[in-house]
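What the coordinates show
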Amino acid sequence: MIRIYKAKDYEAMSHMAADFIASQIILKPNCVLGLATGTTPIGTYNWLRKKYEDGRLDFSEVHTVNLDEYVGLAGDDPNSYRYFMNTYLFDHVNIDKFSTHVEDGTAKSLKKECQRYEKLIRSLGGVDLQLLGIGNNGHIGFCEPADAFSRVTHIENLTESTIQANSRLFEDISQVPTRALTMGVGTIMRARRILLIASGSAKQDAIRDSFFGDITPRVPASALQLHQDVTVIADEEALAKCDMGDDDVIVV
Ligand code: PGA
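Residues numbered from 1 in each chain as written. Predicted model: local features only at pLDDT ≥ 70, side-chain atom pairs only at ≥ 80, totals over all residues. Heavy atoms only, no water.

A closer look at the site of the ligand
As a reminder of what qualifies: Any residue with at least one heavy atom within 4 Å of a molecule or strand is counted as near it. Throughout this description, a polar contact denotes any pair of N or O atoms lying within 3.5 Å of each other; where both atoms belong to protein, one of them has to be capable of donating a hydrogen while the other can accept it, and for residues adjacent in sequence the pair is counted only when both atoms sit in side chains. Only the protein chains shown count as cover for residues, and the accessible areas themselves come from Shrake-Rupley with a 1.4 Å probe. Residues were grouped as follows: Ala, Val, Leu, Ile, Met, Phe, Trp, Tyr, Cys and Pro as nonpolar; Asp, Glu, Lys and Arg as charged; and all remaining residues, including Gly, as polar.
The ligand sits among G38, T39, T40, G133, I134, G135, H139, R168 and K203. For the ligand, an oxygen atom lies 2.9 Å from a polar atom in the backbone of T39. Measuring from an oxygen atom of the ligand, one finds a side-chain N or O atom of H139 at 2.7 Å. Coverage of the ligand by the protein amounts to 83% of the 280 Å² it exposes when considered alone. Residue composition of the shell around the ligand, by class: one nonpolar, six polar and two charged.

Spelled out as structure tokens, the structure:
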């Protein structure tokens, strides 16, 4: 079941998403959060930091597993997703860094690293709440459109459109890694609860196709239609091609 909330703009989306994640932490202080990187969750992380600073949230028992990491980038590389997480969230709250996990994109054996990561998620008892962004092409994590849904954490070749979209964060497009380690669609689907956030007109087609179109690995996020507990919080622009009538929340 998918519940879609319409937020007025990016700020409102971020606030609502932070409330949602905070509720999870309050309900289960030692929960396992699946976290995402990208431009979309930055506002959400800012609000979570604020809640912590205001004494309203305690991360001391929280565990985190991130969706993905670029192949070849070490954790101290400013473009790595480990660096992103430290910068936007972990360095500012009372989380134990040893309880935060991101794939190692520099592992000698990437295949073994994928297996290790999948086992790690299992050993933590699975993900309670997985936060997702969505790619312009409907990808989740770095699971790109394909002939089949990926089952577990794996090495993914990034599509031209993803490399293009992510190049804005690099000095030059030639510096964007062409491969990443990512949870599989199957890994994501095993999370007990999923929160997908989206903002802006570039996401309109992806949101419409994922939640109102066919379930197909050509649109990886469409697999979420088969999950029993998905919440989408998106702003008006991202939802402009979805018919929600006058409603601010619908169930599909
Ligand atoms: P973005 O990326 O938040 O930077 O738009 C989302 C994604 O690619 O999953």
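Let's pick the thread back up.
Describing a nonpolar patch on the surface
We apply this condition: Surface patches are defined over residues having more than 30% relative accessible area and no salt bridge, joining like charges when they lie within 9 Å and nonpolar side chains (Val, Leu, Ile, Met, Phe, Trp, Tyr) when within 5 Å. Whenever Lys or Arg places a side-chain nitrogen within 4 Å of a carboxyl oxygen from Asp or Glu, that contact is recorded as a salt bridge. Only DSSP runs of H or I reaching four residues or more are called helices, and only runs of E reaching two or more are called strands; each is numbered from the N terminus. Between buried and exposed lies partly exposed: a residue is buried under 20% and exposed over 50% of the maximum accessible area for its type, with that area taken using a 1.4 Å probe on protein chains only.
A contiguous nonpolar patch, built from F149, I215 and L226 and spanning about 270 Å² of accessible area, is present on the exposed surface. If you trace the backbone, F149 turns up in the loop between β6 (129–132) and β7 (154–157). Residue classification places F149 among the partly exposed residues on the basis of a relative accessible area of 31%.

Structural notes on the packing of aromatic side chains
Quick reminder of the rule: Under the pairing criterion, centres of Phe, Tyr and Trp rings, with the six-membered ring standing for Trp, must be within 6.5 Å; the plane angle then separates stacked pairs below 30 degrees from edge-to-face pairs above 60, leaving the rest tilted.
Tallied over the entire structure, the rule returns six aromatic pairs. Measuring from centroid to centroid gives 5.9 Å for Y81 and F142, while their planes differ by 20°, and the two rings are stacked. You can see Y81 sitting in helix α3 (residues 81–88) and its partner F142 sitting in the loop between β6 and β7, a full 61 residues away along the chain. Using a relative accessible area of 3% as the deciding quantity, one classes F142 as buried. Judged by centre distance (4.5 Å) and plane angle (45°), the rings of F84 and Y88 are tilted. One end of the pair is F84 and the other is Y88, both in helix α3 and four residues apart, which spans about a single turn.

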